[in-house]
Amino acid sequence: MHTAAPVPPSPDWADRTAALLEGVRARGPLVQCITNTVVQNVTANVLLALGAFAAMVDVTTEAGAFARVADALLVNTGTPHPEPRAASLEAAHAAHDAGTPWVLDPVAVGSLPVRTALARDLLALRPTVLRGNASEVLALLGGSAGGRGVDSTAGPDDARAAAVAATDGRTVGALAVSGPVDLLVAPGTGVVRVANGTPLLTRITGGGCALGAVVAAFTAVAPEDPGAAAVAATAVHTIAAELAARDAGGPGTFQPLFLDRLATLTPEDVVREARITTEPTAVSA
Amino acid sequence: MHTAAPVPPSPDWADRTAALLEGVRARGPLVQCITNTVVQNVTANVLLALGAFAAMVDVTTEAGAFARVADALLVNTGTPHPEPRAASLEAAHAAHDAGTPWVLDPVAVGSLPVRTALARDLLALRPTVLRGNASEVLALLGGSAGGRGVDSTAGPDDARAAAVAATDGRTVGALAVSGPVDLLVAPGTGVVRVANGTPLLTRITGGGCALGAVVAAFTAVAPEDPGAAAVAATAVHTIAAELAARDAGGPGTFQPLFLDRLATLTPEDVVREARITTEPTAVSA
Amino acid sequence: MHTAAPVPPSPDWADRTAALLEGVRARGPLVQCITNTVVQNVTANVLLALGAFAAMVDVTTEAGAFARVADALLVNTGTPHPEPRAASLEAAHAAHDAGTPWVLDPVAVGSLPVRTALARDLLALRPTVLRGNASEVLALLGGSAGGRGVDSTAGPDDARAAAVAATDGRTVGALAVSGPVDLLVAPGTGVVRVANGTPLLTRITGGGCALGAVVAAFTAVAPEDPGAAAVAATAVHTIAAELAARDAGGPGTFQPLFLDRLATLTPEDVVREARITTEPTAVSA
């Protein structure tokens, strides 16, 4: 059980996030994306706005070879057609073997059988970061049958215990559980909460899926610390969204403004806006 | 033959449209979409802006199971690859059996053989609403060989007789024929025309395809009256577009403004802007 | 070797570009697109904004039949799944046989084996225009193994000799090599450079891929002169982008403004903004 009192915003996390953002822009990591067809466009645009690069290499033969040379890999199970399904496994195997950091986003796993079986096979290849909403994380880690679709019927705290248990050194490197307040868990970081964001992220498609790609981009510059990558990626994504929402007239105008903010976000913006709290005792709780 | 004099705008239809819009927002229906890859993103965004939810479950095994629990189903034949083709039939069969309302959008049927055969198989499963342009509706219902592509070479009135004939209680529940003035036909509603809209809807991709998803969302809250759902969905879609066009600098800025308007459209906007007329004698004509 | 001194902007090319733009708008060519799933939406929107029409007919049986009646064809190898791969070859064969002008965009060819083999098979069907970045053009024409992904590690001038050699009357009709300054090569035009554009075109996905579709649209109105079509398409695309960039706050707001500019660009804009230079001796160099 978690019994720690609320912790004030951590300046260290904000500084580290700002530094990792500068690292992503300096390095320009190439992120291989095997993701659902609904969000491929916005995913690529989010990566490009961030200063990273995207390559949707999602056919067999190519996927594995590419995962060995890419800076990071994202696998999202949203539209698991036969070819990308096979390519996902091929790429995750190659990433696992080559040490390429990779992110698993098990979209809508639970009652849907094709993607659920696929996500379980992928989980066995030990993703660097597992990212999803609470229903998806619970369904994949064994705590629940999941929701009816892409929308979580559980909150991040419902997945807290399962997430902590999965950072056992054998399952995943870190977890990013999305919700009104995002929950990040890793052995090195404990439980971290990022309270930035806007409800508009749930009124556009890809608000969560694109975050998976952002996490992948950050793992490329902090492969040794997937928890820090997950925290920084989540903070950058949700701060940019929060700032964009201030100028948006609705979910339509929010989208281009969000991309603009991702491209122009400064380290000072990050430090000023970040609402990141930690619970030091969490992983052992 | 249609000989009735023009009828003034019907306040009843405007009120009913406003009420159904509020019903969609209150219920938040989950719409399963099996649609072409070109418009998947805009289709999901239109549903989310409207207050509905989208799930692109378009692989076999999953598609049928999901159609039994979804609130509505859209099947669009725009890019009929083998996997979504099989998933379409599986989902439509399940929707038919389970009573899930579903919409068929037979994109570009006529001379293109794969989608035309698919659309005919789907039509046999009695869609709740058939939505398309006049060329597509005529091609599918037997009145014409269709156009060269997605652009109609016929106007809605060319499809009027075929549409009326198809509301025979055995073919479809209702028809929505798109054009400069949209034509809606159902046994309970007769022939209804919605004169809202903007030419900009034809200068973006998905202007019509996304309407199919909006119609599906409305059938979820009025499953007993597919004609009313089709009228209300068409009016909401085209009024939002018309209002957005007033502020747009072209087809690019029109798109985000259209999504904003879908999200913020009030019942008062609907009542004030709706240009809906009826032809009471139409179905028997 | 190219030793000619820089040539001042050519008023003839600007005038010709403006005239071809008016031709595209008057004709409204229907462009069949077999392109990667990441950019299908933006590709269709760019064509519609320009005044052309898009049809993503990318399944076998349909693809070849459609290529015989379409005004132009685009084949882009970005996501070479089995079905569109087969459809690409079917369509290119049909275009070759029927005299439909067609554009090959060999996205990320080089080290990735599936698309590289496909692009070589397609090249044998003599595309009207070959469009790509320098790495892709070099990889396909035999000068290099290509880059790691979609981003060119070479500049257009690195591909100049290979491009000139490929306009031998047997390989391709014309070449469009993208870069900070685009390089266009054809027997009738020599080497032409278009210096318009904006770095924002590289910060959105589809900035280059959509240009392939624009080139296809222009070949439909100048099938006898693929070099002129390539120059005009490149100039229109990059001038619209350059004007849009002046009002954009980043890559997000750039996209809708770019579509608006494509839709509203006047012949006067083209003549005023075009920075097109020629090197008359280039092809024989």
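These numbers were taken from a predicted model, which means no experiment stands behind them.

The next thing to look at is the overall build of chain A. When its secondary structure is counted, chain A shows 11 helices and nine strands. Compactness check: chain A gives a C-alpha radius of gyration of 17 Å against a globular reference of 19 Å for 285 residues, within 12% of the reference. In terms of its C-alpha atoms, chain A occupies a principal-axis envelope of roughly 45 × 40 × 35 Å. Counting the 285 residues in chain A, one finds 67% classified as buried. The long-range fraction of contacts in chain A, counting pairs at least 24 apart against all pairs at least 6 apart in sequence, stands at 73%. Just so you have it, chain A exposes about 8,900 Å², and 56% of that area is on carbon and sulfur atoms.

A few words now on the relation of the copies chain C and chain A. Turning one copy of the chain about an axis and sliding it along that axis gives the other copy, so a rotation and a shift relate them. Superposing chain C onto chain A takes a rotation of 120° combined with a translation of 0.0 Å along the rotation axis, leaving an RMSD of 0.0 Å. The transformation relating the two chain copies, once decomposed into turn and shift, fits a three-fold axis. Minimal C-alpha separation from the rotation axis in chain C is found for C:Thr37, amounting to 3.8 Å. Interface overlap between copies is the fraction of interface residues in one copy that are interface residues in the other; for chain C against chain A it is only 4%, indicating separate surfaces.

Contact with chain B, which involves 31 residues of that partner, is made by 27 residues of chain A. Of the roughly 2,200 Å² buried between chain B and chain A on both sides combined, carbon and sulfur atoms contribute 58%. The three residues of chain B that bury the most area against chain A are B:Leu48, B:Glu62 and B:Asp260, which together make up 24% of that side's buried surface. Across the chain B-chain A interface, the total number found is one salt bridge. In this structure, A:Arg115 and B:Glu62 form a salt bridge, with 2.6 Å as the shortest nitrogen-oxygen distance. Where chain B packs against chain A, one counts 12 residue pairs in polar contact (both at pLDDT 80 or more). Listing elements by their share of the side of chain B that touches chain A, those giving two or more residues are helix H2 (40-50), strand S2 (53-55), helix H3 (62-69), helix H4 (82-98) and helix H10 (251-264) of chain B. Considering every element that reaches the side of chain B that touches chain A, the biggest residue donor is H2(B), with seven residues.

This part covers the sheet that holds strand S1 (residues 30-34) of chain C. Either a parallel or an antiparallel arrangement is found when strands of a sheet pair, and the pairing is made through backbone hydrogen bonds. All names here are of chain C. With mixed pairing, the nine strands of this open sheet are ordered in space as S2-S1-S3-S4-S5-S6-S7-S8-S9. The open sheet is flanked by strand S2 (53-55) and strand S9 (276-279), the only strands paired with a single partner. Strand-to-strand, the axes of this sheet are offset by a mean angle of 20°, without reference to chain direction. Sheet topology places strand S4 (residues 102-105) next to strand S5 (residues 129-133); two bridges connect them, and they run parallel. Of the residues in S5, the one forming a bridge with Val-103 is Val-129.

Turning our eyes to something else, we now look at the interface of chain C and chain A. Taken residue by residue, the interface counts 27 residues in chain C and 31 residues in chain A. The tally of links between chain C and chain A comes to one salt bridge. Linking chain C to chain A there are 12 residue pairs in polar contact (both at pLDDT 80 or more). Breaking the side of chain C that touches chain A down by element, the ones donating at least two residues are helix H5 (113-123) and helix H10 (251-264) of chain C. The dominant element in the side of chain C that touches chain A, judged by the number of residues it contributes, is H10(C), at four residues. Looking at the side of chain C that touches chain A residue by residue, the classes come out as 11 nonpolar, 12 polar and four charged.

Residue and element names in this part refer to chain B. Taken in spatial order, the nine strands make up an open sheet running S2-S1-S3-S4-S5-S6-S7-S8-S9, and their pairing is mixed. Looking at which strands have only one partner, the edges of the open sheet turn out to be S2 and strand S9 (276-279). Averaged over all pairs of adjacent strands, the angle between their axes in this sheet comes to 20°, without regard to strand direction. Both strand S8 (residues 190-194) and S9 contribute to a ladder of four bridges, which runs antiparallel. Residue Val-192 lies in a different strand from S9, and its bridge partner there is Thr-278. Contacts from helix H8 (residues 209-221) reach strand S1 (30-34), strand S3 (72-76), strand S4 (102-105), strand S5 (129-133), strand S6 (174-178) and strand S7 (182-186), with the element oriented near 160° to S3.

If you rotate chain B by 120° and push it 0.0 Å along the axis, it lands on chain A with an RMSD of 0.0 Å. Little of the interface of chain B is mirrored in chain A, where only 3% of its interface residues again form contacts.

A word on helix H8 (residues 209-221) of chain C. The buried count for H8(C) comes to 12 of 13 residues, which makes it a mostly enclosed element. By the burial criterion, the buried members of H8(C) are C:Cys209, C:Ala210, C:Leu211, C:Gly212, C:Ala213, C:Val214, C:Val215, C:Ala216, C:Ala217, C:Phe218, C:Thr219 and C:Ala220.

Now for the pattern of salt bridges. Enumeration according to the criterion identifies 45 salt bridges over all chains in this entry. Where C:Arg160 meets C:Glu279, a salt bridge forms, and the shortest distance between an N and an O atom there is 2.7 Å. On the criterion of sequence distance, the pair formed by C:Arg160 in helix H7 (residues 160-166) and C:Glu279 in strand S9 is long-range, its members being 119 residues apart. For the pair C:Arg160 and C:Glu279, one class covers both residues: buried. Ionic pairing is found between C:Arg261 and C:Asp247, a salt bridge with its closest N-O pair at 3.4 Å. Of this pair, C:Arg261 sits in helix H10 while C:Asp247 sits in helix H9 (residues 226-247), placing them 14 residues apart in sequence. What makes C:Arg261 partly exposed here is its relative accessible area of 27%. On the basis of relative accessible area, C:Asp247 is assigned to the exposed category, the value being 52%. Through salt bridges with shared partners, one network takes in A:Glu242, A:Arg246, A:Asp269, A:Arg272, A:Glu273 and A:Arg275.

This paragraph deals with the packing of helix H9 (residues 226-247) of chain B against H10(B). Residue and element names in this part refer to chain B. As a packed pair, H9 and H10 sit with axes 8 Å apart at the nearest point and diverge in direction by 130°. Between H9 and H10, the angle falls in the class oblique. Where H9 crosses over H10, the two elements pack in a sense that is right-handed. Judged by residue contacts, Val-236, His-237, Ala-240, Ala-241, Leu-243, Ala-244, Ala-245 and Asp-247 of H9 engage Phe-254, Leu-257, Phe-258, Arg-261 and Leu-262 from H10. The residue makeup of the contact of H9 with H10, split by class, is 10 nonpolar, one polar and two charged.

Turning to unusual backbone geometry, a few remarks are in order. A positive phi angle, close to 60°, is found at A:Ala108, a residue other than glycine. Note that A:Ala108 resides in the loop between strand S4 (102-105) and helix H5 (113-123). The class of A:Ala108 is buried, set by a relative accessible area of 4%. Despite not being glycine, B:Thr61 shows a phi value in the positive range, around 80°. Structurally, B:Thr61 is set in the loop between S2 and H3.

Turning next to the UniProt feature "binding site: substrate" (unreviewed entry) in chain A. Within the UniProt annotation, "binding site: substrate" (unreviewed entry) is assigned to A:Met56 and A:Gly206. Here A:Met56 is to be found in the loop between strand S2 (53-55) and helix H3 (62-69). A:Met56 sits in the buried class, given a relative accessible area of 8%. Setting aside its immediate chain neighbours within four residues, A:Met56 contacts A:Cys33, A:Thr35, A:Gln40, A:Thr43, A:Ala44, C:Val38, C:Gly78 and C:Thr79. Tracing the sequence through the fold places A:Gly206 in the loop between strand S8 (190-194) and helix H8 (209-221).

Thresholds applied
- Residues numbered from 1 in each chain as written.
- Chains lettered and ligands numbered in written order.
- Predicted model: local features only at pLDDT ≥ 70, side-chain atom pairs only at ≥ 80, totals over all residues.
- Heavy atoms only, no water.
- Helix = DSSP H or I, 4+ residues; strand = E, 2+ residues; numbered from the N terminus.
- Rg over C-alpha atoms; globule rule 2.2 N^0.38 Å.
- Buried < 20%, exposed > 50% of the residue type's maximum accessible area, 1.4 Å probe, protein only.
- Contact = heavy atoms within 4.5 Å.
- Areas by Shrake-Rupley, 256 points an atom, 1.4 Å probe, with all protein chains shown as cover.
- Least-squares fit on C-alpha atoms with pLDDT ≥ 70 in both.
- Buried area = accessible area lost by both parts, 1.4 Å probe.
- Salt bridge = Lys/Arg side-chain N within 4 Å of Asp/Glu carboxyl O.
- Polar contact = N/O pair within 3.5 Å; in protein donor to acceptor, adjacent residues only side chain to side chain.
- Pairing = 2+ DSSP bridges.
- Axes fitted to C-alpha atoms, helices over the stretch in contact; angles between N-to-C directions.
- Nonpolar A, V, L, I, M, F, W, Y, C, P; charged D, E, K, R; others polar.
- Parallel < 35°, antiparallel > 145°, perpendicular 65-115°, else oblique.
- Left-handed = near helix turned anticlockwise from the far one by under 90°.
- UniProt positions renumbered as here; feature names shortened; annotations may be inferred.

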